[in-house]
Amino acid sequence: AQTVTQSQPEMSVQEAETVTLSCTYDTSESNYYLFWYKQPPSRQMILVIRQEAYKQQNATENRFSVNFQKAAKSFSLKISDSQLGDTAMYFCAFLTNFGNEKLTFGTGTRLTIIP
Amino acid sequence: EAGVVQSPRYKIIEKKQPVAFWCNPISGHNTLYWYLQNLGQGPELLIRYENEEAVDDSQLPKDRFSAERLKGVDSTLKIQPAELGDSAVYLCASSGGGMNTEAFFGQGTRLTVV
């Protein structure tokens, strides 16, 4: 079974600073996808960024980037120039098994951007 | 394009009463998920549909929970009877299926059992 671990229950950072959220996972699969989702107080899960395991290049979406270390099974999210609207819960998620896709989430990190 | 629509957004019921949640996925999305999210936790899969077939319901407490997805579009999740421990957010998500598409989520239904 796949597991996703987020070891930082809460983090806070000053506006405009950079913050990194950690995620590790465990799987025996060689091909899979990793995601970071954002969940603001409205409860709507929003995809932030996606990484395909077969790609060595780290994914980047504007201020968001990942550090994907496949051998270490690590997938951290870096938010640059943090903004007040970045305040939310952030979930790392894992998708595998062609034909039996199951999206598994970590326990989340509550990120607060301080003005 | 409309996103995943869930209703109701909030529901308060007394224990032992039945409750149902409704989800309308994004048009054309064959895969539909129901997740349970307890306060401060990550979502946990209850059931996954491919079209009208429940392909993964291993985490669904079948003694009191049931789900259906008639015609492979809308889906309902039912609890009967509800227990105090069922208080949580119930999230619905849909995707186009396969490994190349993301899951889109609705805003969830917050259930409070009193």
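Since the model is a prediction, treat every value here as computed from it, not as a measurement. (Residues numbered from 1 in each chain as written. Chains lettered and ligands numbered in written order. Predicted model: local features only at pLDDT ≥ 70, side-chain atom pairs only at ≥ 80, totals over all residues. Heavy atoms only, no water.)

Visitor: Just to check I follow, could you spell out the side chain of B:Asp86 for this structure?
Guide: All names here are of chain B. Along the chain, the position of Asp 86 falls in the loop between strand E8 (75-79) and strand E9 (88-95). Residue class for Asp 86 comes out buried when judged on its relative accessible area of 6%. At 2.6 Å, the side chain of Asp 86 and the side chain of Arg 64 are in polar contact. Polar contacts involving the side chain of Asp 86 include one to the main-chain amide nitrogen of Glu 83, which spans 2.7 Å. With near-sequence residues (within four places) excluded, Asp 86 lies in contact with Arg 64, Phe 65, Ile 79, Pro 81, Leu 111 and Val 113. (Helix = DSSP H or I, 4+ residues; strand = E, 2+ residues; numbered from the N terminus. Buried < 20%, exposed > 50% of the residue type's maximum accessible area, 1.4 Å probe, protein only. Polar contact = N/O pair within 3.5 Å; in protein donor to acceptor, adjacent residues only side chain to side chain. Contact = heavy atoms within 4.5 Å.)

Visitor: Would you mind showing me how to read the nonpolar core here?
Guide: Across soluble globular proteins, nonpolar side chains show a tendency to be buried alongside one another. In terms of nonpolar packing, the biggest core is built from 25 residues, with A:Tyr25, A:Trp36, A:Phe75, A:Leu77 and A:Tyr90 touching the most fellow members. When residues of this core are traced back to their parent elements, those giving at least two are strand E3 (19-21), strand E5 (33-39), strand E6 (46-52), strand E8 (64-69), strand E9 (74-79), strand E10 (88-96) and strand E12 (109-114) of chain A. No other element matches E10(A), which puts four residues into this core. B:Ile13, B:Val19, B:Tyr90 and B:Leu111 belong to the second-largest nonpolar core, a separate cluster that totals 22 residues. (Core = buried A, V, L, I, M, F, W, Y, C linked by side-chain atoms within 4.5 Å.)

Visitor: What exactly am I supposed to notice about the packing of aromatic side chains here?
Guide: Geometrically, a pair of aromatic rings is defined through the distance of the ring centres and the angle of the planes. Overall, the coordinates contain 15 aromatic pairs over all chains when judged by the stated rule. Seen from their ring centres, A:Trp36 and A:Phe75 are 6.2 Å apart, and the 20 degrees between their planes marks the pair as stacked. On the criterion of sequence distance, the pair formed by A:Trp36 in strand E5 and A:Phe75 in strand E9 is long-range, its members being 39 residues apart. The rings of A:Tyr33, A:Phe35, A:Tyr37, A:Phe91, A:Phe105, B:Tyr33, B:Tyr35 and B:Phe105 are connected pair by pair, giving a single aromatic cluster. Directly above the ring of B:Tyr10 sits A:Arg43, whose terminal nitrogen or CZ lies 5.1 Å from the centroid. (Phe/Tyr/Trp six-rings, centres within 6.5 Å; stacked < 30°, edge-to-face > 60°. Lys NZ or Arg CZ within 6 Å of the ring centre and 35° of its normal.)

Visitor: What exactly am I supposed to notice about the state of the cysteines here?
Guide: Joining two cysteines, a disulfide is a covalent bond between their sulfur atoms. Residues and elements named next belong to chain B. Enumeration over the complete set of coordinates arrives at two disulfides over all chains. Paired through a disulfide, Cys 23 and Cys 92 show a sulfur-sulfur distance of 1.9 Å. With the S-S bond torsion at -70 degrees, the cross-link from Cys 23 to Cys 92 turns out left-handed. Note that Cys 23 is positioned in strand E3 (residues 19-24) and Cys 92 in strand E9, a separation of 69 residues in sequence. Residue Cys 23 is classed as buried on the basis of its relative accessible area, which comes to 0%. (Disulfide = S-S within 2.5 Å.)

Function-wise, these values are silent; they only describe arrangement.
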